[in-house]
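For reference, the chains in residue letters:
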Amino acid sequence: MNTKFTKQLAIKSIIFIGAIALFSLFPKKTQTASSNSLAQIPPFDNFPPKFLKPRKPQIQPSPATTPTPNPPEQPLIFAPPAQFIRQIVYKASISNSKVIALTFDDGPSPETLKILEVLQKHNAVATFFCLGRNLREYPEIAKKVVQAGNAIGNHTWHHYYHDVTEKTASNEIDYTGIHIHRSTGAKSLLFRPPGGRLNNGFADYAKKKNYVVVMWSIDPKDYQQLPADTIAHTVISQATSGAIVLMHDGGGPRQQTVEAVSAIIPKLKQQGYSFVTVPQLLQLQAEEKQQNGDLKPK
Ligand SMILES: [Zn+2]
């Protein structure tokens, strides 16, 4: 008797629990069915959290546990301080240190490697204004220029002296810029017009593209194949702080230039000069101006 009663009780309990379970399902279904418009269905995210699968911690990790990704490597760019953009620069105005910038035009070429050797021997850096067509021919040399800590600049593709249309200037300068980037990974906003000509269309286009037009204050005329000691003498005797020196590492054999540089660097170092790139030179002027401005009584 007791056993039968227990069995009946168990069956009733199961039916009762089952009924409650079924009942608990209906209201939701009714609620959904009564919402005739799909627009009234709350968006998924508005459902109470108990209807959502628990979020795994890695979906919304706390900032503290987020692995910090390596910051993207800063692109290498040879650019002047902002005040020099679209300007023509002949030299920098620096009075509280002795610095000078050697520049080499018309490379890269096998002669460039000899110049690099001399610079490295004396722990000096310089700026190389390259021709696009030479960058295409000697990309590995251009890469070495930049890897050794030197700056690189744009000297057009063909080195035209004649007047050019904006379209030609664009081809000449933009494609050279592309080859600077391809060969060295760097971008440059340093431009030197072929022959230093400022009125044939190149400088105007370069300024439009935010380059600084870099001229020079010392020209030892090494392109005339003068003897090395003549070239060296011109540079050493005219050296001033902030000077920009024009020389060449392309356009033919440059043995005299290489020998002159070998003499110039130690001599000027003896006099207390440091050798910097053009962007470094302009940065020093900007900093000096800033310091002087800060020191002025207000
Ligand atoms: Zn040139």
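Residues numbered from 1 in each chain as written. Predicted model: local features only at pLDDT ≥ 70, side-chain atom pairs only at ≥ 80, totals over all residues. Heavy atoms only, no water.

Visitor: Explain the nonpolar core here, please?
Guide: Among soluble globular proteins, nonpolar side chains are generally buried collectively. Counting 52 residues, the largest nonpolar core has Leu102 and Phe128 as its most contacted members. Residue contacts for Leu102: discarding those within four places in its chain leaves Leu119, Ala126, Thr127, Val245, Met247, Val261, Ile265, Phe275 and Val276. Core analysis: the next-biggest nonpolar cluster, separate from the first, contains 13 residues, Val164, Ala169, Tyr205 and Val213 among them. (Core = buried A, V, L, I, M, F, W, Y, C linked by side-chain atoms within 4.5 Å. Buried < 20%, exposed > 50% of the residue type's maximum accessible area, 1.4 Å probe, protein only. Contact = heavy atoms within 4.5 Å.)

Visitor: Just checking my understanding: could you explain the coordination of the zinc ion for this structure?
Guide: Metal coordination angles in their ideal form are 109.5 degrees for the four-donor tetrahedron and 90 or 180 degrees for the six-donor octahedron. Note on the zinc ion: its protein donors are Asp106 (OD), His155 (NE2) and His159 (NE2). The metal-donor distances range over 2.0 to 2.1 Å. Residue His155 is classed as buried on the basis of its relative accessible area, which comes to 1%. The class for His159 is buried, based on a relative accessible area of 15%. (Donors = N, O, S within 2.8 Å, 3.2 Å for Na, K, Ca; no water.)

Visitor: In this structure, what is going on with the packing of helix α2 (residues 110-121) against helix α4 (residues 139-147)? I would like to understand it.
Guide: The angle between the axes and the distance between the axes are what describe a pair of packed helices. Taken N-terminus to C-terminus, the directions of α2 and α4 make an angle of 20 degrees; their axes are 9 Å apart at the nearest point. Overall, the two elements α2 and α4 adopt an arrangement that is roughly parallel. Note on packing geometry: the crossing formed by α2 with α4 is left-handed. Contact residues: α2 offers Pro110, Thr112, Leu113 and Leu116, while α4 offers Ile141, Lys144 and Val145. Its residues placed into classes, the contact of α2 with α4 shows five nonpolar, one polar and one charged. (Axes fitted to C-alpha atoms, helices over the stretch in contact; angles between N-to-C directions. Helix = DSSP H or I, 4+ residues; strand = E, 2+ residues; numbered from the N terminus. Parallel < 35°, antiparallel > 145°, perpendicular 65-115°, else oblique. Left-handed = near helix turned anticlockwise from the far one by under 90°. Nonpolar A, V, L, I, M, F, W, Y, C, P; charged D, E, K, R; others polar.)

Visitor: I keep staring at the side chain of Glu172 and nothing clicks. Help me out?
Guide: With respect to the element layout, Glu172 can be found in helix α5 (residues 166-184). Despite its burial, Glu172 remains without a salt bridge, the nearest opposite charge being carried by Arg133 at 7.2 Å. Ignoring any residue separated from it by four or fewer positions in sequence, one finds Glu172 in contact with Thr156, Trp157, His158, His159, Tyr160 and Phe202. (Lys, Arg positive; Asp, Glu negative; His and termini not counted. Salt bridge = Lys/Arg side-chain N within 4 Å of Asp/Glu carboxyl O.)

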